[in-house]
Amino acid sequence: MYLADTRAAGTTKGKIGRRVSGNVLALGMVSLVTDISAEMVTAVLPLYLVVGLGLNPLQFGLLDGLYAGATALVRLVGGHAADRWRRLKAVAGIGYGLSAASKLGLLAAGSSVPAIGAVLAVDRAGKGIRTAPRDALISLSSEPESLGRSFGVHRAMDTIGAFLGPLVAMVVLWGSLGDYSSVFVTSFCIATIGVLVLVAFVRDRPPTDGPAKPVPVRSMLQLLRIPGFRRLCGWAAALALISVTDSFLYLALQRNFDVSTTMFPLLPLGTAGVYLLLAVPLGRLADKYGRWRVFVGGHLVMATALGLVCGPFAGWWIAVCVLVLHGVFYAATDGVLMAAAGPWLPEHLRASGMALIQTGQALARMVSAVLFGLAWTLWDLRPTMIVVAVGLLVVTIAAALLKPWEKPA
Amino acid sequence: MRKILVTVLGVLVLAGAAIGYVVSARTGAAVNAVPVQNGTIELGPDRLYFRNTAAGPDEGKLASLPSASSAVRLVDGLKCDRFALAKGTGICLALQPGVLPPITDVVVVGRDMSVVYKKSLPGTPSRARVSPDGKIVYWTVFVTGDSYAATGFSTRAGLYDLEKKQLVKSIEEMAVYVDGRRYRSSDINYWGITFAGDGNRFYATMASKGKTHLVEADYQDFNGKATLENVECPSLSPDEKRIAFKQRNPDGTWRLSVVELATRKIVRTAETGNVDDQPLWRDNTTLLYGLTGSDGGSDIWSVPANGSGAPVLVVPDAASPAVLAR
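Residues numbered from 1 in each chain as written. Chains lettered and ligands numbered in written order. Predicted model: local features only at pLDDT ≥ 70, side-chain atom pairs only at ≥ 80, totals over all residues. Heavy atoms only, no water.

**Q** How do you make sense of the packing of aromatic side chains when you look at a structure like this?
**A** To describe a pair of aromatic rings, you give the distance between the ring centres and the angle between the ring planes. Counted according to the given criterion, the structure contains 13 aromatic pairs over all chains. Aromatic pair A:Y48 and A:Y180: ring centres 6.0 Å apart, planes at 65 degrees, arrangement edge-to-face. Taken together, the residues A:Y48 in helix α1 (residues 22-52) and A:Y180 in helix α6 (residues 180-201) connect sequence positions 132 residues apart. Residue A:Y48 shares its accessibility class with A:Y180, and that shared class is buried. Consider the rings of A:F248 and A:W376, whose centres lie 5.5 Å apart with planes at 45 degrees: the pair is tilted. One end of the pair, A:F248, is in helix α9 (residues 246-257); the other, A:W376, is in helix α13 (residues 350-379), and 128 residues separate them in sequence. The cationic tip of A:R84 hangs over the ring face of A:W85; the distance from NZ or CZ to the ring centre is 5.9 Å. Positioned above the aromatic ring of B:W254 is the side chain of B:K246, whose terminal nitrogen or guanidinium carbon lies 3.9 Å from the ring centre. (Phe/Tyr/Trp six-rings, centres within 6.5 Å; stacked < 30°, edge-to-face > 60°. Helix = DSSP H or I, 4+ residues; strand = E, 2+ residues; numbered from the N terminus. Buried < 20%, exposed > 50% of the residue type's maximum accessible area, 1.4 Å probe, protein only. Lys NZ or Arg CZ within 6 Å of the ring centre and 35° of its normal.)

**Q** What am I meant to see in the interface of chain A and chain B here?
**A** When the parts come together, some accessible area is lost, and that loss is often what is quoted as the size of the interface. Of the residues lining the interface, 52 residues belong to chain A; the matching set on chain B comes to 49 residues. Roughly 4,300 Å² of surface becomes buried between chain A and chain B when both sides are summed, with 69% attributable to carbon and sulfur atoms. If you look at where chain A meets chain B, you find zero salt bridges. Where chain A packs against chain B, one counts three residue pairs in polar contact (both at pLDDT 80 or more). Secondary-structure elements contributing two or more residues to the side of chain A that touches chain B are α1, α2 (58-84), α5 (147-175), α6, α9 and α13 of chain A. (Contact = heavy atoms within 4.5 Å. Buried area = accessible area lost by both parts, 1.4 Å probe. Salt bridge = Lys/Arg side-chain N within 4 Å of Asp/Glu carboxyl O. Polar contact = N/O pair within 3.5 Å; in protein donor to acceptor, adjacent residues only side chain to side chain.)

**Q** Is there a simple way to explain the pairing of strand β6 (residues 89-95) of chain B in this structure?
**A** Side-chain direction in a regular strand flips from residue to residue, so the side chains alternate between the two faces of the sheet. All names here are of chain B. Across the seven residues of β6, seven count as buried, placing the element largely inside the fold. Neither face of β6 is exposed, since T89, I91, L93 and L95 on one face and G90, C92 and A94 on the opposite face are all buried. Bridging between strand β5 (residues 82-86) and β6 involves five bridges; their strand directions are antiparallel. Bridge pairing in β6 places A86 opposite T89. Hairpin connection from β5 to β6: two residues lie between these consecutive antiparallel strands, with K87 at a positive phi of about 45 degrees. Across six bridges, the pairing between β6 and strand β7 (residues 103-109) is antiparallel. Looking at β7, one finds that G90 is bridged to V109. (Pairing = 2+ DSSP bridges.)

Structure below.
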């Protein structure tokens, strides 16, 4: 059995527990800048397709489902490649570079539907490739005891970028008098700045353990022999399987609380705002009281939110409560899971391990989304929500009682 | 230290490039590529109305031409992405500039183009029509955020009853029957409404689970039943015997077609291009529609509805044709 984290992976100069490492801040900065670029495009894409090109965007909805599955597999490739050549930063850089290039690709694709589809696929592939090596870098650049805080800081910075993206897009649209290609060019420039910051300020962290020769592909699956990590993956996937995707939750909120259609696009902002505020505090809480505990607690919060959605109470304040709880759920689970996974993984396989757990989670969420849609159609919204809420509660309690988080010394 | 310097330099170059591009995009064509005459448009017969898509200061504005001549297009101040009219009522869908998430202004105008009703709805403009009696206006917008996939899109078709002053933001709440059974699904999307002359019967496309159905609906009872498959963006002929629509080809493009309601016989028109528009009946024999050209611009074409003849270019650099039928 591997016992990882034999030594502190410190690059921190400050006092332990006070500050996050410069490398984590640099990675956070890269994510912030990249997310501005990505969310700019996401915000104007429907406009560009319908008004700019006169296309029917429903076709892209169909493509999107395909990409979701493909991204999960690309993630594994990125994770493995990073570990195989011991080049976390380089592989992450390729991912960021691909996404940056795809912004210019949108201009080149013109009004050809297959070409736009291909460009969006490249963007998604870039996102898939970079995620695991980036999270491994964050993990390796942090003190083992403050992993939760490091991931919290990173995710908070990432979310700031997501907030700024649409605003920057609006400024560009205003400044260019509604020219969509200006948005893509600006997005490309910003994404390239992200790559520049990565190249200049992020230090690679080659692992100090493991063999010097390239790790074979099978070593990724062998990670599942580590009992603690295997249980972590299993429970994370099980919890993801009984989940409600964001869009379904927002739809349910709209149906139940009669949220006006003008307000509807603002619902995700509510979740993101709470996530932004709580990512760091909950990360610290996770470091102090146990990451898996906070992770499970987050799911308890989510079950409560679902209970509120299908409960007997009505009123806008319930909808606000649900959004707040949804944000708490994200803050308690997203980065915290990576922080929990880190210590189980040997340094030379950290990207592989992170890719594995993220892919498992992503595939489980996809299956869950399909099943949820099916159940909604068969039973209607409220019964489906009740079943999911109860199911989530049961699995969460099971996860809490079985204590799979018992950490190696 | 050198690292910081190089990065700052890189950031400055990239920021400069972005700002330079944005600024250069501001200066669009100073003169209209197609000459226009500025004036006041009135909604009357024997005229063709459309969105002027020719580059220049008057791009995007509502324009009008006498239907039977090649006169200079008359341009009004009103900007419309989609426009339609019937019986002295016009509807203009205009995207609010530079607003995210996108918001569409639904503007209803009277015969003299005075604004009768105005409402802002989330989404981007897709289709607009007026019932033949001029009493109901209806539209379709694309919205984001309520689809399964995070970046997916869906449509929302709504209507406004000018007599009852009643707004229906989405007809998705309507009871709908497929094969005689009440159909419930979370993924229902509607688009392309078309009303009959009685101001009560209407048709629309309903999409769910990868299929598209033509739904024949009753406005008063607010229910509908699926009658045909693969009939998108329906448009009822003035004699109410046929429906022109875009038929999806296996390769994902569309073919402009007409179905006879009594016999369900489908005729494919002579237009072989990919028509992604709700067709418009100029009269009982001719269809008008917008078509994207190879250069990415849009033109208005016409083609006989019975499958004969060939497409004819009616107005270049134009979209969203509208005429006063009947």
